[in-house]
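Notes for the structure review
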Amino acid sequence: MLLRQLVCLAVLFFWANYLFAQKNVNISSPNKQITFEFTIAAGKPEYGVKFKGQKLVEHSALSLAFEDGQLGNKASMQKAKVSKGVEEYDLPMGKASHVRSAYTQMIIALQEGDKKVSLQVRVFDDGLGMRYQFPEQGNQAGLVLTDERTNFDLSNTPTARVAFLDNYFTSHEHLYNVLPLADIKNDTLMDMPVLFEFPG
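This write-up is about the structure you can find in this document. Remember, predicted model here, so these are calculated numbers, not experimental data.

Details of the environment of Glu-148
Along the polypeptide, Glu-148 turns up in strand E11 (residues 145–148). As for Glu-148 and Gln-70, which are separated by 78 residues in sequence, their C-alpha atoms are 10.0 Å apart. Not counting residues up to four positions away in its chain, the partners in contact with Glu-148 are Ser-63, Leu-64 and Tyr-132.

A few points about the sheet that holds strand E13 (residues 177–180)
One open sheet holds the three strands; their spatial order is E13-E12-E14, and the pairing between them is antiparallel. Either end of the sheet is taken by a strand with one partner, and the two such strands are E13 and strand E14 (195–197). With direction set aside, neighbouring strand axes in the sheet form an average angle of 25 degrees. The sheet contact formed by strand E12 (residues 159–162) and E14 spans three bridges and is antiparallel. From the neighbouring strand, Thr-159 faces E14, where its bridge partner is Glu-197.

Quick word on unusual backbone geometry
The omega torsion of the bond from Met-192 to Pro-193 falls at 5 degrees, within 30 degrees of zero and hence cis. In this structure, Pro-193 sits in the loop between E13 and E14. Phi at His-59 is positive, roughly 45 degrees, even though this residue is not glycine. Mapped onto the secondary structure, His-59 falls in strand E4 (residues 54–61). Given a relative accessible area of 53%, His-59 falls into the exposed group. The phi dihedral of Asn-156 falls on the positive side, at around 65 degrees, and the residue is not glycine. Along the chain, the position of Asn-156 falls in the loop between E11 and E12.

Criteria and cut-off values
- Residues numbered from 1 in each chain as written.
- Predicted model: local features only at pLDDT ≥ 70, side-chain atom pairs only at ≥ 80, totals over all residues.
- Heavy atoms only, no water.
- Helix = DSSP H or I, 4+ residues; strand = E, 2+ residues; numbered from the N terminus.
- Contact = heavy atoms within 4.5 Å.
- Pairing = 2+ DSSP bridges.
- Axes fitted to C-alpha atoms, helices over the stretch in contact; angles between N-to-C directions.
- Buried < 20%, exposed > 50% of the residue type's maximum accessible area, 1.4 Å probe, protein only.

Quick look at the structure:
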């Protein structure tokens, strides 16, 4: 009887640790068609994006390297704050002179060791954006960022519309190519923006 109780306690302890180590939060666009999902699994922050339930971006790692450490290997989520808002601004030219876009926002406070970083995400009805924010670091005067390792792992082999570059000294006036993403070799130099069309 005692052995059975000890085994049950061990299982409960393992399960509680697993749930604590893996945190999931998500937000959706005001029209509920775009969903941003965030998780930390075994200390590694990851995100994904869905459109009408279809995965567009999945299991994409978020990681930053600093001169004296990193964030993205043993990170923890301190809190996630969700809010709603509206962006409004005027355009000097275009189809409309005034833009008004509602969004859902989530700010995720992350920490690894003494490094503190916030991920700000805004999901609109027609897209989303995310950026890193760097709050005060306590006793540190600042952070020296040496590498950003944000991944964009796209699902379902979309069709890419992309201009390839020979080098970094370019006029940015290349013709665009249309081909499956899977046909683009690793370490290929591409101009921005790149457009991706998913099946359906």
